[in-house]
Amino acid sequence: MTQLNQYFPNIDKIKYEGPDTDNPMAFTHYDEDRKVAGKSMKDHFRFAVAYWHSFCNDNNDPFGVGTRIFPWDKTSDPLENAKFRLEAAFEFFTKLGVPYYCFHDRDLAPEGQTIGESEKKLAELVDLAKQYQKETGVKLLWGTANLFTHPRYMNGAATNPDFNVVCHAAAQVKAALDATVELGGENYVFWGGREGYMHLLNTDMKREIDHMGAFLRAARDYGRKIGFEGVYLIEPKPMEPTKHQYDFDAATVIGFLREQDLLDDFKLNVEGNHATLASHTFSHDVMLAAQNGLLGSIDANRGDYQNGWDTDYFPTDLYDAIQVMMILLEHGGLAPGGLNFDAKIRRNSTDLDDLFHAHIGGMDTFARALLIADDILNTSDYKKMRDGRYSSFDEGDGKAFEDGKLSLTDLRALAIKQGEPEMISGKQELFENLVNRHIR
Ligand code: XUL
Ligand code: CO
């Protein structure tokens, strides 16, 4: 095996040193073997690095060219550079100590002139990735296809009004599924990159959404045929790049899966910044998926309160993370999903070690949040307080209502009998204080 020490030579394996350490290249809270609520931290999170943000995105923006200089771009041949990039990525994964990574087909290998050529390039990189996975033990959390960068997808992929484009998208998904299965990927993601519309006037929305359903059923069937036993995931997002995306939020996607008969094979990949773009909180969409038994995986990142786009900041908001971890602890966790850092370092974070600082921060935030969430659930009255608000449904007429045994006239009669309800406080400030008191 090549010595994985070329691209970040001054950085050793990141270790856990505890909350009092002054070493920024150490974990303060993420101690992978530490058991919390009966499971190691490693198994709670199943952390993954997003290949695209960390190794492909040079941080260009609409106003300027990229600012990151990649030492793995050693030649003028994109395919050769893709191999160096893979080596750099596995050096990073192992030094950081994450068990998983995630990719789009085009992150791994460049597109060719024809479908056959693209498939060949991808297969070459998949062979190499398989070797690195075997040597390092790092695994693939999920694979996906990039159906949004190439100009042919400007009007959508599966929902494109031109059938020929739908066929090209299918060819790409087929190859991405082949790659995911070959690499033992535990999930496969569909993020509807340009599946939506820019204007309703030129759009047959019903037809496009039905095409998306048909496309996903075909992809599901192909994956199962080649032996994919993992979970298919849809990643909701309300807008960007299209004005309106069909996979708007968790609630919309759940309705779509039910309507399109996809509930047996699909779950959700909930992303923090996508939930906030839909005017929800991160925890709202995580909860909605979890309480429907459809929480598959998480793309952990965050937005910015001062603007309304997908900033993909690394998740360093402890309050957000605590609420997400409370939900995961109460709903049985993520596996076979995981927590993928779909986040990018800022345009002016130009040192190679910034990638380490960003991931260390995200991992420590969630590890700390797990400890606090576990403490809240085990040592406080939180659950009693929350459940107590609903105690009038635990027995008697309230229970009969929950069981569907009371008619509207029965309820009217009960209202008259019981008289005007007392004021019962929702105690919001007390709940908020409770969380703060456990941050210690
Ligand atoms: C885009 C986004 C994607 C998906 C994978 O907003 O989140 O990176 O996670 O296609
Ligand atoms: Co994402």
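Note that the structure is a prediction, hence the values are computed from the model and not measured.

Parameters and conventions
- Numbering of residues starts from 1 in each chain and follows the order in which that chain's sequence is written.
- Chains and ligands are labelled sequentially in the order written, the chains with letters from A and the ligands with numbers from 1.
- Two thresholds apply to this predicted model, a pLDDT of at least 70 for residue-level local features and 80 or more for giving and counting side-chain atom pairs, whereas whole-chain, interface and lining totals are computed over all residues.
- Excluded from the side-chain calculation are hydrogens and water; included are all heavy atoms of the structure.
- Whenever a helix is involved, its axis is fitted only over the stretch in contact; in every case the axis is a line through C-alpha atoms, and angles between N-to-C directions fall within 0 to 180 degrees.
- Each helix is a run of H or I in the DSSP string that is no shorter than four residues. Each strand is a run of E no shorter than two, and both are numbered from the N terminus.
- Roughly parallel means an angle under 35 degrees; roughly antiparallel, over 145; roughly perpendicular, 65 to 115; everything else is oblique.
- Each crossing gets its hand from how the near helix is turned against the far one by less than a right angle, where anticlockwise is left-handed and clockwise is right-handed.
- By definition, residues are in contact when any of their heavy atoms lie within 4.5 Å.
- Three residue categories are used. Nonpolar comprises Ala, Val, Leu, Ile, Met, Phe, Trp, Tyr, Cys and Pro, charged comprises Asp, Glu, Lys and Arg, and polar comprises the others, including Gly.
- Remark: exposure states derive from per-residue accessible area (1.4 Å probe, protein chains only) relative to the maximum for the residue type, with buried under 20%, exposed over 50%, and partly exposed in between.
- A positive count includes Lys and Arg, and a negative count includes Asp and Glu. His and the chain ends are not counted in either.
- A side-chain nitrogen of Lys or Arg and a carboxyl oxygen of Asp or Glu constitute a salt bridge if their distance falls within 4 Å.
- Polar contact is the term for a pair of N or O atoms within 3.5 Å; when the atoms are in protein, one must be able to donate a hydrogen and the other to accept it, and sequence-neighboring residues count only if both atoms are side-chain atoms.
- In this description, a donor is an N, O or S atom within 2.8 Å of the metal centre, a cutoff extended to 3.2 Å for sodium, potassium and calcium. Water is not part of the atom list, which can make sites seem incomplete.
- Angle rules define the geometry names used: all angles between 85 and 135 degrees makes four donors tetrahedral, while opposite donors over 155 degrees apart and all other angles between 65 and 115 make four donors square planar and six octahedral, leaving every other case irregular.

Asker: Before we go on, may I ask you to explain the packing of helix α5 (residues 115–136) against helix α6 (residues 163–182) in this structure?
Answerer: When two helices pack together, their arrangement is given by the angle between their axes and by how far apart the axes lie. At their nearest, the axes of α5 and α6 sit 10 Å apart, and the two run at 15° to each other. The orientation of α5 with respect to α6, classified from their angle, is roughly parallel. As for how α5 packs across α6, the hand of that crossing is right-handed. On α6, the residues touching I115, E119, L122, V126 and K130 of α5 are H168, A171, A175, A176, A179 and E182. Tallied by class, residues from the contact of α5 with α6 come to seven nonpolar, one polar and three charged.

Asker: Please explain the side chain of E195 as it appears in this structure.
Answerer: Along the chain, the position of E195 falls in the loop between β8 (187–191) and β9 (196–197). Although E195 lies buried, it forms no salt bridge, and the closest oppositely charged side chain, R194, sits 9.1 Å away as judged by the N-O distance. Polar side-chain contacts of E195 include one of 2.7 Å to the backbone nitrogen of A158.

Asker: Help me understand unusual backbone geometry in this model?
Answerer: Outside of glycine, negative phi angles account for most residues, and trans bonds account for most peptide bonds. E240 connects to P241 through a cis peptide bond whose omega is 15°. Checked against the element boundaries, P241 lands in the loop between β10 (231–235) and β11 (244–245). P336 follows A335 through a cis peptide bond whose omega is 5°. Inspection of the secondary structure assignment puts P336 in the loop between α11 (318–330) and β14 (339–341).

Asker: Is there a simple way to think about the coordination of the cobalt ion (ligand 2) in this case?
Answerer: In an ideal octahedron of six donors the angles at the metal are 90 or 180 degrees, and in an ideal tetrahedron of four donors they are 109.5 degrees. On the protein side, the cobalt ion (ligand 2) has E235 (OE), E271 (OE), D299 (OD) and D342 (OD) as donor atoms, found 1.9 to 2.1 Å from it. Seen from the cobalt ion (ligand 2), its six donor atoms lie at angles of 79 to 172°, and the figure they make is octahedral. Counting gaps between the donor residues of the cobalt ion (ligand 2) yields the pattern E-x35-E-x27-D-x42-D. With a gap of 43 residues between them, D299 in strand β13 (residues 295–299) and D342 in the loop between β14 and α12 (354–379) connect regions that are remote in the sequence.

Asker: Help me understand the side chain of T180 in this model?
Answerer: By the element assignment, T180 lies in helix α6. Once residues lying within four places of it in the same chain are set aside, the contact partners of T180 are L140, G143, G185, N187, Y188 and F228.

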